[in-house]
Amino acid sequence: MSAPRPSETTPERVWRARRELLGAGLGLAAAAALPARAAAPAGEAPLVPNPPEQVSRHNNYYEFTTAKDVVWQLADELRLRPWTVSVEGAVERPRTWDIDELTRRFVPEDRLYRLRCVEGWAMVVPWQGLPLAALLAQAQPTSKAKYVEFVALHRPSEMIGQRQPVLDWPYREALRIDEAMHPLTLLVSGAYGRALPAANGAPLRLAVPWKYGFKSIKAITRIRLVEHPPVTSWSKAAPSEYGFYANVNPEVAHPRWSQRRELRLGELSKRPTLPFNGYAAEVASLYSGMDLSVHF
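In this text the structure is predicted, and so the values were computed from the model without any measurement. (Residues numbered from 1 in each chain as written. Predicted model: local features only at pLDDT ≥ 70, side-chain atom pairs only at ≥ 80, totals over all residues. Heavy atoms only, no water.)

## Describing the nonpolar core
- Counting residues in each nonpolar core, the largest one holds 82 residues, and the members touching the most others are Trp 127, Ile 223 and Leu 225.
- Counting residues per element, this core draws most heavily on helix H8 (residues 132-139), which supplies six residues.
- Every residue in contact with Ile 223, bar those within four places of it in the chain, is listed here: Val 85, Ser 86, Val 87, Glu 88, Leu 132, Leu 135, Leu 136, Val 148, Glu 149, Phe 150 and Leu 187. (Core = buried A, V, L, I, M, F, W, Y, C linked by side-chain atoms within 4.5 Å. Buried < 20%, exposed > 50% of the residue type's maximum accessible area, 1.4 Å probe, protein only. Helix = DSSP H or I, 4+ residues; strand = E, 2+ residues; numbered from the N terminus. Contact = heavy atoms within 4.5 Å.)

## What to know about the packing of aromatic side chains
- Under the defined criterion, the tally for this structure stands at ten aromatic pairs.
- Considering the side-chain rings of Tyr 147 and Phe 244, the 5.8 Å spacing of their centres and the 80° angle between planes classify their relative orientation as edge-to-face. One end of the pair, Tyr 147, is in strand S5 (residues 147-152); the other, Phe 244, is in the loop between helix H10 (233-237) and strand S11 (261-264), with 97 residues separating them in the sequence.
- Between the aromatic rings of Tyr 245 and Tyr 287, the centroid separation amounts to 6.0 Å while the plane-to-plane angle is 90°, which identifies the pairing as edge-to-face. Remark: Tyr 287 occurs in the segment after helix H11 (280-283) and Tyr 245 occurs in the loop between H10 and S11; sequence separation between them is 42 residues.
- Using a relative accessible area of 0% as the deciding quantity, one classes Tyr 245 as buried.
- On the accessibility criterion, Tyr 287 (3% relative accessible area) is buried.
- Members of the aromatic cluster, joined through ring pairs, are Tyr 147, Phe 244, Tyr 245, Phe 276 and Tyr 287.
- Cation over ring: Arg 95 sits above Trp 97, and NZ or CZ is 3.6 Å from the ring centre.
- Above the face of the Tyr 61 ring, Lys 218 is positioned so that its terminal group lies 5.2 Å from the ring centre. (Phe/Tyr/Trp six-rings, centres within 6.5 Å; stacked < 30°, edge-to-face > 60°. Lys NZ or Arg CZ within 6 Å of the ring centre and 35° of its normal.)

See below:
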């Protein structure tokens, strides 16, 4: 499915107020109100993280292999330094950041997030990172910045999965600007109080907890602010199965399986899938008036 035009999906109040939304004060103040994201919705038990070995050794990372249980071994050879991340496109202050400078400049925040794979499995991970809004505010987006595109590392000499045409490399993902500026959207550089493992997308990945995991791109090297909807890797590869939005939604089945239930790693029985992965109170208003069975 191709991504719709902004006028078809973004409420007018959102895109007309973009300048206010992009103010650093709003993004940082909202993020500060969500210090660890450890609280569970009413009626649900407190979130308990999965063991770190489980998180790093059960992972989709097709740049290395399609076998989840082998990724951690292959990714261990990836060179993580030097590493730069550019912020470019529709911004007043484009800049290329060295990864170590970036992590020194922004104090990392702890966020305990659910992660829900489109395949039906799930986990809970204690990430560390910076709100994407803080980095984008530094770049001063222009009025043309309606979407944010992310481009991952392309290095087939080490990422041996890129030698196969599983996807059109490099991996690309994107968010609408209001999604990118939401205080839950995190640029992740660590997990479990340590540096992020290569198998989980080091040195910098995205975490968008209300969306299926394939939206949380790993090994980011470029962030581009653009006016028109970017083509994302999975929506290009299989548009009938992987839409642009990819919001966790128990009412919208994948063409080959239901999304009503999920299996959290380490548990024996499935649990009901929560709308927006349990973050509906924070993010459902972003999609007011949209038919999420169409804009899936």
